[in-house]
Every structure is written in structure tokens, then in C-alpha cells.
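Spelled out, the chains give:
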Amino acid sequence: MRRLIILFASIAVAIFIAGNAFAASTLPAQTVSASGVTVKVTPQSLSDQSWNFEIAFDTHSGALSDDLTKSAVLIAAGGATSPPVSWQGDPPGGHHRKGVLRFKPFAAQPPSIELQIKRPGETVPRSFRWQLK
């Protein structure tokens, strides 16, 4: 009987966690190329604890000096914003950079989100948008 209760409790916890985490794997990667630099953003997870996006930069001219903790912002439908919590990846410099940009989740899941990255020397931010609902 005790094993049965533990099994049901484990299933309930798994269902609760699954219900509160958006499957970022269903969101497509997006790529924007401009000014000789390609930026690819791949949503990794949108859980209750952290919203993570893999970011990859590629160029054949100049060094990639972006500080994503200062130049990126996540915007929810309606205008609420969330600054990055951390960048875990390659340091500034070089022609190729890759890492994970982490954000604190919004209090309520918005119907859509937009990740904006302002690159040095560019007047318009790079924009990546996804529908969540």
C-alpha cells in the first residue's frame, strides 16, 4: 500500500511539474543576419525557475564584444520586461561565440515573448519573437 501511495505521489509531482513548464523544444530556433553578424537564438526551457535561450554568434569580420547581460531584454506581450539573470558561455571576443542566456520567468505566462538584443554599432535591436499560447 505504501508503495502505491509513493507511486501516485510521484506521478502527481511529475504532472504538476510538466503542467507548469512550457516545452521550449516546441519553439523554433530563429536566425537574424545583419551587418556581417549572424545571431541564432534557440529556446531551451521555459520553466517556473528559469527561461533559457541558447545564443550563437558568427562573423568573419571584427570581434564579437557583446555583453548580453547588458544588451538583451525579454519582453512579454503587454510590455513587461525581464533583464537577463546570467550568461553562461564564451567570453567577449573572437568570431564565434555560444552560450546560454538565462532570464527570471514572468509571473504569469504571456501569450507571446520577444527577445531583443542590441548589438554595438547597430541602431535597431535584433528581434526574436515566439507565440506561447
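See the structure above.
Residues numbered from 1 in each chain as written. Predicted model: local features only at pLDDT ≥ 70, side-chain atom pairs only at ≥ 80, totals over all residues. Heavy atoms only, no water.

### Things to note about the nonpolar core
Applicable threshold: Remark: nonpolar core denotes a set of buried residues (Ala, Val, Leu, Ile, Met, Phe, Trp, Tyr, Cys) joined through side-chain atoms within 4.5 Å. Note on exposure labels: buried denotes an accessible area under 20% of the residue type's maximum, exposed denotes more than 50%, and partly exposed covers the range between, all computed with a 1.4 Å probe on protein chains only. Helix and strand labels come from DSSP, where a helix needs a run of H or I of at least four residues and a strand needs a run of E of at least two; each type is numbered from the N terminus. By definition in these notes, contact holds between two residues if any of their heavy atoms fall within 4.5 Å.
Core analysis: the biggest nonpolar cluster contains 24 residues, and Val41, Trp51, Phe53, Ile55, Ile113, Leu115 and Ile117 have the highest contact counts within it. Contributions of two or more residues to this core are made by β2 (37-46), β3 (51-59), β4 (72-76), β7 (96-103), β8 (112-117) and β9 (126-131). If we skip the residues at most four places from it in the chain, Leu115 touches Val41, Phe53, Ile55, Ala72, Val73, Leu74, Phe103, Arg126, Ser127, Phe128 and Trp130.

### With respect to the packing of aromatic side chains
Each aromatic ring pair is specified by the distance between its two centres and by the angle formed by the two planes. Test applied: Two rings from Phe, Tyr or Trp (for Trp, the six-membered ring) form a pair when their centres are within 6.5 Å of each other. A pair whose planes differ by under 30 degrees is stacked, one over 60 is edge-to-face, and the rest are tilted.
What the rule picks out here adds up to three aromatic pairs. With 5.6 Å between their ring centres and 75° between their planes, Trp51 and Phe106 make a pair best called edge-to-face. Highlighted residues: Trp51 in strand β3 and Phe106 in the loop between β7 and β8, separated in sequence by 55 residues. Exposure remark for Phe106: the relative accessible area of 13% places this residue in the buried category. For the ring pair Phe53 and Phe103, a centre distance of 5.9 Å and an interplane angle of 85° mean the geometry is edge-to-face. One end of the pair, Phe53, is in strand β3; the other, Phe103, is in strand β7, with 50 residues separating them in the sequence. Given a relative accessible area of 0%, Phe53 falls into the buried group. Under the relative-accessibility criterion, Phe103 is labelled buried at 1%.

### Side note on the sheet that holds β4
Our working definition: Note on pairing: DSSP must find at least two bridges between two strands before they are called paired.
Strands sit in the order β5-β4-β8-β9 across an open sheet of four strands; the sheet is antiparallel. Edge positions in the sheet fall to β5 (81-82) and β9, since each has one partner strand and no second. In this sheet, β8 lies alongside β4 in antiparallel orientation, the contact comprising five bridges. Bridge pairing links Leu74 to Leu115 in β8.

### Here we look at the sheet that holds β3
What links the strands of a sheet is backbone hydrogen bonding, and the strands pair in either a parallel or an antiparallel sense. The condition that has to hold: Angles run from 0 to 180 degrees between N-to-C directions of axes, and those axes are lines fitted to C-alpha atoms, restricted for helices to the stretch in contact.
In spatial order, the strands read β1-β2-β3-β7-β6; together these five strands make up an open sheet with antiparallel pairing. Every interior strand has two partners, whereas the edge strands, β1 (30-34) and β6 (84-89), have only one. In this sheet, neighbouring strand axes are inclined to one another by 20° on average, regardless of whether the strands run parallel or antiparallel. Sheet topology places β2 next to β3; nine bridges connect them, and they run antiparallel. When the sheet's bridge partners are listed, Val41 is paired in β3 with Ile55.

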